[in-house]
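# Commentary on secondary and tertiary structure
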Amino acid sequence: MKAAICYEFNQPLVIEDGVEVDDPGRGEVKIKLAATAVCHSDLHFFKGEIPFKLPGIGGHESAGYIEEIGEGVTGLNKGDAVIIGTVTSGCGHCYYCTIGLRHLCVSRRQPMEGRHRNKAGQRLAPMAGPVAGFAEYTTVSETLVTRIPSDIPMDRACLLACGVTSGFGAVVNRAQVGPFSSVVVMGCGGVGLNAIQGALFCGADPIIAVDILDSKLETARKFGATHVINSKKEKDAVKLVWDLTSGRGADYVFVTVGNLEALRLGFSMGGPRSMTVVIGLMMGNLASLMPMEFIMTEKVLTGCGGGSLRTSIDIPGLVSLYKTGRLKLDELITGRYPLERINEAMASLERGEALRNVILF
Amino acid sequence: MKAAVCYEFGKPLVIEDVEIAEPAEREVRVKVVATAICHSDIHDMKGELPGPLPFIGGHETAGYVEITGKGVTSVKAGDPVVVSLLSSCGNCYFCLKSLPHLCENKFAPSPNVRIRNKKGQTLVQKGGVAGFAEYVLVKESQVVKVPADMPLDRAALLACGVITGFGGVVNRAKVEALSSVAVVGTGGVGINAIQGAAFSGAYPVIAVDLLDSKLEAARKFGATHGVNAGKADAIEEVKKLTGGRGADYVFVTVGNVAAIRQGFAMSGTRGMTVIIGLPQMKEMLTISPFEFILSERMLTGGFMGATNLKLDIPRLIELYKAGKLKLDELISGRYPLERINEAIQSTETGQVIRNVIMFQ
């Protein structure tokens, strides 16, 4: 089979034929991939911004069909349409699974051994998540797989594996935004737009989109933003947010860009008792928080991984919203590429031109 | 009236005769019976928290209403009351949401100069109370009537130290039964966080301090375990006591960023760390955002125990009377106003929970 392999940071991926993948072991399934979207965290890994062992295969926003099931797998059959993502459905036994937070299952941090081998027989570790979706086939734990109806187009379904759920889930599951809450979304890329449509779905008002590109802010309006702020052009974006929220600051701030300055700016936009949710992956430390700010305002700073997803509840729910016209997915896809042109798809995402570029197999 | 005035940071307070104004509309003048010394009084007197001089400190106060201004309806002359630094307008967004401690108008100034010294110089009321004086002049929203049989030296403690700790647990974090709790620092606020956690049914309730004597005292207030952070790796100890996960709730009652860092590291996945102790203004907190994403931990603050005075003070008094809230044990010493500098010094040694200034 073909796969796109990262041999060196900051270099184009190498499309290689003759790659092999392990047969599914106990509790595993082998997938024939139909579509994998390119996410910003793929780029972070390929650039070496997040330390990782090479060579490897990226891609974690995937949809495909079950090719083969391993021993002990129940509830999945050959030919089932599924999505494959980074969020686990959990071991079902640990503390977090027992209290209903399966995405925090203790098994999620187990070291990931590569299931693919290149022609030379070298193991290829999955990058930016445990999926290795930039390959024609992959083998993963059944806990990363969620069955979906066969009538949803796979290029759109794959977006539910990460981009959509990271944004929508942060709003709905993590923060549990209620009607009339004021919401700020920092960054209007693939995740930010879905935070915006999540906020709209929850009845938030106002929904304030913040970005540095007017074109993205225009798109944000289509996804439900009631107000937009270009933080590059505006001198005092914080004051604008306060003005839009009766002088109090926003109730919720979602930081979808992986940038410490954006986090600092976003935290300042939150009012007393507000919650700021870190979503965008950022390395390094933020050293400019005042303890007094926390005490006097009782603001909450927290984070959200993978939309705090309850896979077997949320994925079918989102599919249903899409089918009934209440979730935008078609509009999220900027371009479709064959695996051979994956480097083009990534370059376009990096230039800020694309919401999501999808690799089709 | 007599008052203890701070004219210079780091110097003893000056006991002198000062003038206090008549109450304006919706203000109340209270004859003080007891005012406890809080650690933030000491920070103020040392100049560690910014503010103008000269001032009168003291904000954990109880006494009897002497005279009420126009429009006051909730109390009348002769009523025993607790006096707090929390004031609220009753009409803003946060008051309407029953979060009066976050009132948007809480810093609205009084229309009048309330206290002057004999030279006519204005004396700032710290926290809008100035309880180290024979009388205080405050907004109606700062006083809550208490039952006549409630001892006022113990009632005074409810105005700040008790609610900040107890309320931090019960109101701000809303700790549930069987949650694990760590309290960093077991002074006047920490020990009340511990009794709040015990009251809420938390288990384990882990007290963390540097003094074994304080950890012993913490056990009497409901701590199930004590960790001496000077002798053991406190983060590891807390993890061991919480199934390897870290605590569900951590309350940091010590005012420094190293303690906040340490407390945050004690919290587990989805754990909440509540900053209560106030570090010096110049101390900045450093965080790693990535940690927040992986663990979905929460970092927040608790201001004055997120207290709604009108609800919480009467309920705490009921608990005290029913033997479910320790107040007697919080008082280490009682001093007349003339000996306030002694009382402050003794508070600074760290062996004291609360020293109370008693007025005749």
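The residue numbers shown here count from 1 along each chain, following its written sequence. Chains carry letters and ligands carry numbers; both start at the beginning, A for chains and 1 for ligands, and go up in the order they are written. Only residues with pLDDT of at least 70 are given local features in this predicted model, and only at 80 or more are side-chain atom pairs given and counted; all residues enter the totals for whole chains, interfaces and linings. Hydrogens are left out, water is left out, and the side-chain values use all remaining heavy atoms of the structure.

## As for the sheet that holds strand E7 (residues 115-117) of chain B
Residue and element names in this part refer to chain B. Taken in spatial order, the 3 strands line up as E1-E2-E7 in an open sheet, and their pairing is antiparallel. Of all the strands in the sheet, the pair left with one neighbour each is strand E1 (2-5) and E7. Going across the sheet, the axis of each strand differs from the next one's by a mean of 55 degrees, ignoring polarity. When DSSP finds two or more bridges between two strands, those strands count as paired. Every helix listed is a DSSP run of H or I at least four residues long, and every strand listed is a run of E at least two residues long, numbered separately from the N terminus. Lines fitted to the C-alpha atoms define the axes, with helices restricted to the stretch that makes contact. Angles between their N-to-C directions range from 0 to 180 degrees.

## Thoughts on the environment of Val185 of chain A
Residues and elements named next belong to chain A. With respect to the helices and strands, the residue Val185 is situated in strand E12 (residues 183-186). To sort residues, take the accessible area from a 1.4 Å probe on protein chains only and compare it with the maximum for the residue type: under 20% means buried, over 50% means exposed, and anything in between is partly exposed. On the accessibility criterion, Val185 (0% relative accessible area) is buried. Residues Val185 and Ala209, 24 residues apart in the sequence, show an inter-C-alpha distance of 5.0 Å. Not counting the four nearest positions on each side in its chain, Val185 is found in contact with Gly192, Ala195, Ile196, Ile208, Ala209, Val210, Phe254 and Thr256. A contact between two residues is defined here by any heavy atoms of the two lying within 4.5 Å.

## Some words on the sheet that holds strand E14 (residues 247-252) of chain B
Spatial ordering of the open sheet is given by E14(A)-E13(A)-E12(A)-E15(A)-E16(A)-E18(A)-E17(B)-E15(B)-E14(B)-E11(B)-E12(B)-E13(B), a layout of 12 strands whose pairing is mixed. Edge positions in the sheet fall to strand E14 (227-230) of chain A together with strand E13 (225-228) of chain B, since each of these pairs with one other strand and no more. In this sheet, neighbouring strand axes are inclined to one another by 15 degrees on average, regardless of whether the strands run parallel or antiparallel. Sheet topology note: the strand E15 (residues 267-275) of chain B/strand E17 (residues 298-301) of chain B ladder contains 4 bridges and is parallel. Bridging from a neighbouring strand, Ile275 of chain B pairs with Gly301 of chain B of E17 of chain B.

## Overview of the packing of aromatic side chains
The description of two aromatic rings rests on the distance between their centres and on the angle between their planes. Two aromatic rings, drawn from Phe, Tyr or Trp (for Trp, its six-membered ring), form a pair once their centres lie within 6.5 Å of each other, and the interplanar angle then sorts them: stacked below 30 degrees, edge-to-face above 60, tilted otherwise. Tallying each qualifying case throughout the model produces 10 aromatic pairs over all chains. With a centroid separation of 5.5 Å and 75 degrees between ring planes, the pair formed by Phe45 of chain A and Phe52 of chain A is classed as edge-to-face. Residue Phe45 of chain A is classed as buried on the basis of its relative accessible area of 10%. Judged by relative accessible area, Phe52 of chain A falls into the partly exposed class, the value being 30%. An angle of 40 degrees between the planes, with centres 5.2 Å apart, marks the rings of Phe267 of chain A and Phe294 of chain A as tilted. Separated by 27 residues along the polypeptide, Phe267 of chain A in helix H8 (residues 260-269) and Phe294 of chain A in helix H9 (residues 291-297) bring together distant segments of the chain. Per residue, the accessibility class of Phe267 of chain A equals that of Phe294 of chain A, and both read buried. Counting as a charge over the ring demands two things of the Lys NZ or Arg CZ atom: a distance within 6 Å of the ring centre and an angle within 35 degrees of the ring normal. One residue, Lys126 of chain B, lies across the ring of Phe55 of chain B, its end atom 5.0 Å from the ring centre. Across the ring face of Tyr95 of chain A, the terminal group of Arg245 of chain B is positioned such that the distance to the ring centre comes to 3.4 Å.

## Comments concerning the packing of helix H7 (residues 237-244) of chain A against H8 of chain A
All names here are of chain A. Between H7 and H8, whose axes approach to 9 Å, the crossing angle comes to 30 degrees. With respect to H8, the element H7 is oriented roughly parallel. Viewed along their axes, H7 and H8 form a crossing whose handedness is right-handed. Residue-level inspection shows Ala237, Val238, Val241 and Trp242 of H7 in contact with H8, the latter providing Leu265, Ser268 and Met269. When residues are grouped by polarity, Ala, Val, Leu, Ile, Met, Phe, Trp, Tyr, Cys and Pro land in nonpolar, Asp, Glu, Lys and Arg in charged, and all others, Gly among them, in polar. Taken together, the residues of the contact of H7 with H8 break down into 6 nonpolar, 1 polar and no charged. Angle categories: roughly parallel below 35 degrees, roughly antiparallel above 145, roughly perpendicular from 65 to 115, and oblique for all the rest. Handedness of each helix crossing follows the sense of rotation of the near helix against the far helix: counterclockwise by less than a right angle gives left-handed, clockwise gives right-handed.

## Considerations on the domain arrangement of chain B
Residue and element names in this part refer to chain B. As annotated, the domain borders come from an automatic or database domain assignment. Per the domain assignment, the segments making up chain B are domain 1 (2-158 + 327-358) and domain 2 (165-303). One C-alpha centre belongs to domain 1, the other to domain 2, and the line joining them spans 29 Å. Residue-level contacts link 12 residues of domain 1 with 11 residues of domain 2. Around 1,000 Å² of area is buried between domain 1 and domain 2 when both sides are counted, 70% of it from carbon and sulfur atoms. Under this definition, polar contacts are N or O atom pairs within 3.5 Å; protein pairs additionally need one hydrogen-donor-capable and one acceptor-capable atom, and for neighbouring residues in sequence, both atoms have to be side-chain atoms. The interface formed by domain 1 and domain 2 holds 0 residue pairs in polar contact (both at pLDDT 80 or more) in total. For the side of domain 1 that touches domain 2, a count of residues per class yields 5 nonpolar, 3 polar and 4 charged. Throughout, the accessible surface (probe 1.4 Å) given up by two parts as they are put together, summed over both, is called the buried area.

## Regarding unusual backbone geometry
Residue Pro55 of chain A is bonded to the preceding Leu54 of chain A through a cis peptide linkage, with omega at -5 degrees. By the element assignment, Pro55 of chain A lies in the loop between helix H1 (40-46) and strand E5 (56-57). A cis geometry characterises the amide bond from Leu53 of chain B onward to Pro54 of chain B, with omega recorded as -15 degrees. Its place among the elements puts Pro54 of chain B in the loop between helix H1 (39-46) and strand E4 (55-56). Although it is not a glycine, Asn10 of chain A adopts a positive phi angle of roughly 65 degrees. One can find Asn10 of chain A in the loop between strand E1 (3-5) and strand E2 (14-16). Under the relative-accessibility criterion, Asn10 of chain A is labelled exposed at 55%. Positive phi, normally seen in glycine, also occurs at Ala132 of chain A, with a value near 55 degrees. By the element assignment, Ala132 of chain A lies in the loop between strand E9 (123-126) and strand E10 (137-141). Of the residues examined, Ala132 of chain A reaches a relative accessible area of 3% and is grouped as buried.

## Things to note about the environment of Gly133 of chain A
Residues and elements named next belong to chain A. Considering the arrangement of structural elements, one finds Gly133 in the loop between E9 and E10. When the C-alpha atoms of Gly133 and Ile212 are compared, they prove to be 31 Å apart, with 79 residues separating the residues in sequence. Those residues within four positions of Gly133 in sequence are excluded, and the remaining contacts are Leu33, Thr36, Gly58, Gly59, Ser62 and Phe361.

## Describing the pattern of salt bridges
Residue and element names in this part refer to chain B. The working definition used for a salt bridge is a side-chain nitrogen of Lys or Arg within 4 Å of a carboxyl oxygen of Asp or Glu. Within the structure shown, the criterion is met by 49 salt bridges over all chains. Between Arg114 and Glu27 there is a salt bridge whose closest N-O contact spans 2.8 Å. Remark: Glu27 occurs in strand E3 (residues 27-36) and Arg114 occurs in the loop between helix H2 (93-96) and E7; sequence separation between them is 87 residues. Taking the relative accessible area as the measure of exposure, Glu27 reaches 3% and is therefore buried. The partner of Arg354 in a salt bridge is Glu60, and the shortest N-O contact between them spans 2.8 Å. One end of the pair, Arg354, is in strand E19 (residues 354-358); the other, Glu60, is in strand E5 (residues 60-68), and 294 residues separate them in sequence. Side by side, Arg354 and Glu60 carry an identical accessibility label, which is buried.

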